Amino acid sequence: MRSRPFVKRTLPCLAVVLAVTMQAAPAHAGLFDKIMSAATQILNNAKSTTQSQPLKSGMAGAQANATQAPVAEKAPFSIEVDVIGKIVAETQPSPYSTDLRKTSKTMAEKVSSVATETHTEIIPEYTEKGLIFHIRYDETALQNPKLLVKDLALVRMLTSTSNYWGTQSNIFEGTMNEKLRAEVESPHAIAELITNVREGSPTAKARWNTLQADLLENVSVKPNILQEMGLSSNVVQDIREELKAKSAALDEAAAQHARKQQKALDKWKSETGALDKMEAMQDKLDDLILKNDRKGVRQMLEAYLPWSVMEPVEANTWKIWLEAIEHPDASKTTVAFRGLKYDTDKIQRKQTANGEVYGFMSTVLTKNQGSYTRRLRSLSTNREKNGDIGFKVHGENIRSTKITDQMTAHARNPVASSFISFTYDPNVAYRFMGQNVTKQVKGENVSVPYGGLLVVKMDSRRMIPNVPSMYSNEIELLAPLIVFPDEVVKYKEGSFTNEYSFANFVKEISEKTGINFTNWSTAADANNEGLRERYNREGHEFLKQMTEVNLKAMSCSKVF
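Residues numbered from 1 in each chain as written. Predicted model: local features only at pLDDT ≥ 70, side-chain atom pairs only at ≥ 80, totals over all residues. Heavy atoms only, no water.

## As for the packing of helix α8 (residues 187–198) against helix α15 (residues 312–326)
Stage number 1. Interaxial distance between α8 and α15 falls to 8 Å at its minimum, and their mutual angle equals 105°. The orientation of α8 with respect to α15, classified from their angle, is roughly perpendicular. The segment α8 lies against α15, with Glu 192, Thr 195 and Asn 196 engaging Pro 312, Val 313 and Glu 314. (Axes fitted to C-alpha atoms, helices over the stretch in contact; angles between N-to-C directions. Helix = DSSP H or I, 4+ residues; strand = E, 2+ residues; numbered from the N terminus. Parallel < 35°, antiparallel > 145°, perpendicular 65-115°, else oblique. Contact = heavy atoms within 4.5 Å.)

## With respect to the sheet that holds strand β1 (residues 104–110)
Stage number 1. A sheet is described by the order of its strands in space; here three strands give the open sequence β1-β3-β2, paired in mixed fashion. Unpaired on one side and paired on the other, β1 and β2 (120–127) mark the two borders of the sheet. With strand direction ignored, the average angle separating the axes of adjacent strands in the sheet is 25°.
Stage number 2. Of the strand pairs in this sheet, β2 and strand β3 (residues 130–137) are connected by eight bridges, and their pairing is antiparallel. Looking across to β3, one finds that Pro 124 is bridged to Phe 133.
Stage number 3. Across the sheet, helix α4 (residues 79–90) lies against β1 and β3, angled at about 150° from β1, the strand it touches most.
Stage number 4. Its contacts with the sheet put α8 on β1, β2 and β3, and the angle it makes with β2 is roughly 120°. (Pairing = 2+ DSSP bridges.)

## Brief notes about the nonpolar core
Stage number 1. If you look at the biggest cluster of nonpolar residues, it comprises 106 residues, and the most contacted ones within it are Phe 172, Trp 208, Leu 215, Leu 285, Val 297, Phe 360 and Phe 422.
Stage number 2. Broken down by element, the residue count for this core peaks at nine residues, all from helix α6 (residues 146–158).
Stage number 3. Trp 208 has contacts with Leu 154, Leu 158, Ile 190, Leu 193, Ile 194 and Val 197, leaving out every residue within four places of it along the chain.
Stage number 4. Of all hydrophobic cores here, the second largest spans 13 residues; its members include Phe 496, Val 506, Ile 509 and Phe 517. (Core = buried A, V, L, I, M, F, W, Y, C linked by side-chain atoms within 4.5 Å. Buried < 20%, exposed > 50% of the residue type's maximum accessible area, 1.4 Å probe, protein only.)

## Regarding the pattern of salt bridges
Stage number 1. On inspection of all chains with the given rule, the structure shows 35 salt bridges.
Stage number 2. A salt bridge links Lys 402 to Asp 388, with the nearest nitrogen and oxygen atoms 3.8 Å apart. Of the two residues, Lys 402 sits in the loop between α18 (389–394) and α19 (403–412) while Asp 388 sits in the loop between α17 (378–386) and α18, which places them 14 residues apart along the sequence.
Stage number 3. Residue class for Asp 388 comes out buried when judged on its relative accessible area of 1%.
Stage number 4. When the shortest N-O distance is used, the salt bridge between Glu 541 and Arg 537 registers 3.5 Å. (Salt bridge = Lys/Arg side-chain N within 4 Å of Asp/Glu carboxyl O.)

## Examining helix α9 (residues 202–215)
The periodicity of an α-helix, 3.6 residues per turn, causes residues three or four places apart in sequence to face the same way.
Stage number 1. In this model, α9 (14 residues) spans 20 Å end to end at C-alpha, consistent with the 20 Å of a helix rising 1.5 Å per residue.
Stage number 2. Of all 14 residues making up α9, twelve are buried, and the element is well covered by its neighbours.
Stage number 3. Residues Thr 203, Ala 204, Ala 206, Arg 207, Trp 208, Asn 209, Thr 210, Leu 211, Gln 212, Ala 213, Asp 214 and Leu 215 constitute the buried set of α9. (Expected span 1.5 Å × (residues − 1).)

## Focus on unusual backbone geometry
Stage number 1. Despite not being glycine, Asn 292 shows a phi value in the positive range, around 55°.
Stage number 2. Examined against the element boundaries, Asn 292 turns out to sit in the loop between α13 (285–290) and α14 (294–304).
Stage number 3. A relative accessible area of 28% places Asn 292 in the partly exposed class.
Stage number 4. Phi at Lys 442 takes a positive value of approximately 55°, unusual for a residue other than glycine.
Stage number 5. What makes Lys 442 exposed here is its relative accessible area of 83%.

## Some details on helix α11 (residues 235–272)
Stage number 1. Between its first and last C-alpha, α11 extends 55 Å over 38 residues, near the 56 Å set by a 1.5 Å rise per residue.
Stage number 2. Maximal helix bending in α11 amounts to about 35°, located at Ser 247.
Stage number 3. Taken together, the buried positions of α11 are Val 235, Val 236, Ile 239, Arg 240, Leu 243, Ser 247, Asp 251, Ala 254, Ala 255, Gln 261, Leu 265 and Trp 268.
Stage number 4. In this structure, the buried side of α11 is in contact with α6, α9, β5 (219–221), α10 (223–229), α12 (274–280) and α14.
Stage number 5. Of the residues flanking the end of α11, it is Gly 273, one or two places downstream, whose phi is positive at about 60°. (Bend = angle between axes of the 7 residues up to and from the residue.)

## Here we look at the environment of Ile 475
Stage number 1. Note that Ile 475 resides in the loop between β13 (464–465) and β14 (476–480).
Stage number 2. Each C-alpha atom of the pair Ile 475 and Val 428 lies 9.6 Å from the other, and the pair is 47 residues apart in sequence.
Stage number 3. Ignoring sequence-local partners within four residues, the contact set of Ile 475 consists of Phe 422, Thr 423, Tyr 424, Leu 531, Arg 532 and Tyr 535.

## Description of the side chain of Asn 196
Stage number 1. Mapped onto the elements of the fold, Asn 196 is located in helix α8.
Stage number 2. A residue is classified by how much of its surface remains accessible, and Asn 196, at 0% relative accessible area, is buried.
Stage number 3. Here the side chain of Asn 196 touches Val 313 through a polar contact of 3.0 Å, landing on its backbone nitrogen.
Stage number 4. Residues in contact with Asn 196, not counting those within four places in the same chain, are Ser 201, Ala 204, Glu 311, Pro 312, Val 313 and Thr 401. (Polar contact = N/O pair within 3.5 Å; in protein donor to acceptor, adjacent residues only side chain to side chain.)

## A look at the pairing of strand β6 (residues 333–341)
Stage number 1. Most of β6 is tucked away: seven of the nine residues are buried.
Stage number 2. Looking at chain direction, β6 and strand β12 (residues 451–459) are connected through nine bridges and run antiparallel. Each bridged residue has a counterpart across the sheet, and for Leu 340 the counterpart in β12 is Gly 452.

## Notes on the sheet that holds strand β15 (residues 482–483)
Within a beta sheet, neighbouring strands are joined by backbone hydrogen bonds and run either parallel or antiparallel to one another.
Stage number 1. Reading across the sheet, the three strands line up as β7-β8-β15 and stay open at both edges, with antiparallel pairing between neighbours. Both outer strands of the open sheet, β7 (347–352) and β15, are each paired with one neighbouring strand and no more.
Stage number 2. Relative to β15, strand β8 (residues 355–361) runs antiparallel, the two being bridged by two bridges. Looking at the pairing, Phe 360 lines up with Val 483 of β15.

## A look at the packing of aromatic side chains
Stage number 1. With the rule as written, the count across this model stands at twelve aromatic pairs.
Stage number 2. A centroid spacing of 5.2 Å and a plane angle of 65° characterise the contact between Tyr 358 and Tyr 491, whose relative ring orientation is edge-to-face. Here the residue Tyr 358 occupies a position in strand β8, and Tyr 491 occupies one in strand β16 (residues 488–493), the gap between them amounting to 133 residues.
Stage number 3. On the basis of relative accessible area, Tyr 491 is assigned to the buried category, the value being 8%. (Phe/Tyr/Trp six-rings, centres within 6.5 Å; stacked < 30°, edge-to-face > 60°.)

Okay, structure coming up:
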């Protein structure tokens, strides 16, 4: 039983509740009824006052009538804010991502005029932190929103956080066709392809047109966005049909261009006999390497590289490498390690007055037949085999060779590759080193080397972080084709022993190079720069050089 004070405190409140919920007073009268009647009168008076007071609008009304909550006005729909802006926001790399090959993002820019059919364009740009796909558009595209759809959808799919529609989009919905994943899993291959398109390559134009149509196959714009933009529900399919209608003419132009360039290359080989003359020389490629004859090696490579059929970025990249071969820059070098195993590595050796010297070549040269000079013919077939993932995986009609695809192919399977793998970290290289094996020699068991540990110091233009690789955690470096003896800091053949341990080796290399590898870890290098940050920076710096095309593909007549 509650106390009398409690009843006195709560009874008025209960009366108010009853007054609100009951439509008529009870027949009997008393204190309870008086309380309820008073409460009812108060409520009725309050209601009457509220109803008789006129509503006020805007900020003045909100301030004058504190009991009325302000209503926020909905901003009008804006294509730049609600579509382009959201796509840009969705394509920013995650700060938690560790996948360097997908450090790409989108930036949008309105310009006075864009000279394309859609009044939009995608321009790749490299910075030391990653890849940016710039989407540029003009006022015509804003006034006709259909023109924006294609390029916005493409950058949404191609950049880091959106590959394979792995995250929810506010603008688009759909799935990426399974067969396309290998071709577009690395944004760097797309950046190279688009650069080749911008440089006028007929084969790149044909491939990019087909790829765009395929990418849009299972994509649609969300219904609410269609309504706001005033677009038909078939807008993406209409764009696909427009692209597909261009395919036959573009493919034919690309095929004609490829036949013309190949014919020119074959004619040059036949009329000049340049390759036969090279192969008849007394000094073969391996001899020139062991002599550190950089000029001779460059001339030989220039003769065998199929310049007339190369894509613009591919030709520009080889120009960079050839210049670094003949004129290495001592001011910017990279020290790197490789663990050798003799079932995959073959060493070139030569005894000199100063002792034994070593040279190294990639497997595209060591695994073929004939003299090492003649094996350079494999450069043409190898680029076709490894340089176009789209052609190799799902049978494109037109081949569009890319350096980034060759780098990705090396990461998957380095057999018959034009590259030699290295790493910043001596501990990683040590794990790949072949240890001594026991063989029978004249009836006795003899321990013989089956590998070794190689350290090189090379022009950084020829020691490239393999950023396009899908195995970004490996921190793999690639050297194209060859290593000269004067680039070898040390080659330690055979297993380490108590007399000369791995720790002794690392200490010796530290003293020779001035880099303290004894405290090396996968977290930071000797310059206190994070290993991943250095890999990212140097990798994107080289990709930037690659795509800054400043030459037309060398014609064969200019080789000699």
